[in-house]
Amino acid sequence: MTLTQERKQEIIDSYQVHETDTGSADVQIAMLTERINRLSSHLQGNKKDHASRRGLLRMIGRRKRLLNYLRQENPDRYQALIQRLGIRG
């Protein structure tokens, strides 16, 4: 269920805002989306895994807060990111 170092680096490279960026809201949202998608598929097969379900809900909440922040700070970047990730719509 965890992301490999190579996959993390791919996400960082494709969503970074500038060359040395590893922690911007865009990168964090993309990482959380990848983890949410993996955990969602895990929970479809393991319906009684309530501890992981709670973790999923926490990740969704964190992503929601980051998306709200990005929407307030830079609406154009927000729109581009949600289109690119295929969320909220």
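Residues numbered from 1 in each chain as written. Predicted model: local features only at pLDDT ≥ 70, side-chain atom pairs only at ≥ 80, totals over all residues. Heavy atoms only, no water.

Visitor: I keep staring at the overall build of the protein and nothing clicks. Help me out?
Guide: Helix and strand content of the protein: four helices and zero strands. Going from N to C terminus, the protein has its helices and strands arranged as α-α-α-α. Each principal axis of the C-alpha distribution contributes one length, and for the protein these read about 40 × 30 × 20 Å. Per-residue burial over the protein gives 35% buried out of 89 residues. The contacts of the protein with a sequence gap of at least 6 include a subset with a gap of at least 24, amounting to 49%. Element-wise, carbon and sulfur atoms account for 46% of the exposed surface of the protein, whose accessible area totals about 6,200 Å². When the 17 positive and 10 negative side-chain charges of the protein are each reduced to one mean point, those points stand 14 Å apart. (Helix = DSSP H or I, 4+ residues; strand = E, 2+ residues; numbered from the N terminus. Buried < 20%, exposed > 50% of the residue type's maximum accessible area, 1.4 Å probe, protein only. Contact = heavy atoms within 4.5 Å. Areas by Shrake-Rupley, 256 points an atom, 1.4 Å probe, with all protein chains shown as cover. Lys, Arg positive; Asp, Glu negative; His and termini not counted. Charge placed at Lys NZ, Arg CZ, Asp CG, Glu CD.)

Visitor: Any chance you could explain the side chain of Thr33 here in plain terms?
Guide: Among the structural elements, Thr33 can be located in helix α2 (residues 25-45). Other than its neighbours up to four places away in sequence, Thr33 contacts Arg63, Leu85 and Ile87.

Visitor: In this structure, what is going on with the packing of aromatic side chains? I would like to understand it.
Guide: On inspection of all chains with the given rule, the structure shows zero aromatic pairs. The ring of Tyr78 has Arg71 lying over it, and the distance from NZ or CZ to the ring centre is 5.5 Å. A cation over a ring is seen here: Arg84 above Tyr15, with NZ or CZ 4.1 Å from the ring centre. (Phe/Tyr/Trp six-rings, centres within 6.5 Å; stacked < 30°, edge-to-face > 60°. Lys NZ or Arg CZ within 6 Å of the ring centre and 35° of its normal.)

Visitor: When you look at helix α1 (residues 5-15) in this model, what are you seeing that I'm missing?
Guide: Buried within α1 we find Ile11, Ile12 and Tyr15. Projected down its long axis, α1 shows its buried positions confined to an angular sector of 100°, all on one face. Facing away from the buried side of α1 by more than 90 degrees, the exposed set consists of Gln5 and Glu6. Buried residues in α1 make contact with α2 and α4 (75-85). (Arc of directions from axis to C-beta.)

Visitor: When you look at the packing of helix α3 (residues 50-73) against α4 in this model, what are you seeing that I'm missing?
Guide: When two helices pack together, you describe them by how their axes are tilted relative to each other and by the distance separating the axes. Put simply, α3 and α4 touch, their axes get as near as 5 Å, and they point 135° apart. Classified by the interaxial angle, the pair formed by α3 and α4 is oblique. Residues Leu67, Leu70, Arg71 and Glu73 of α3 lie in contact with α4, whose contacting residues are Pro75, Arg77, Tyr78, Leu81 and Ile82. When grouped by side-chain class, the residues that make up the contact of α3 with α4 number six nonpolar, no polar and three charged. (Axes fitted to C-alpha atoms, helices over the stretch in contact; angles between N-to-C directions. Parallel < 35°, antiparallel > 145°, perpendicular 65-115°, else oblique. Nonpolar A, V, L, I, M, F, W, Y, C, P; charged D, E, K, R; others polar.)

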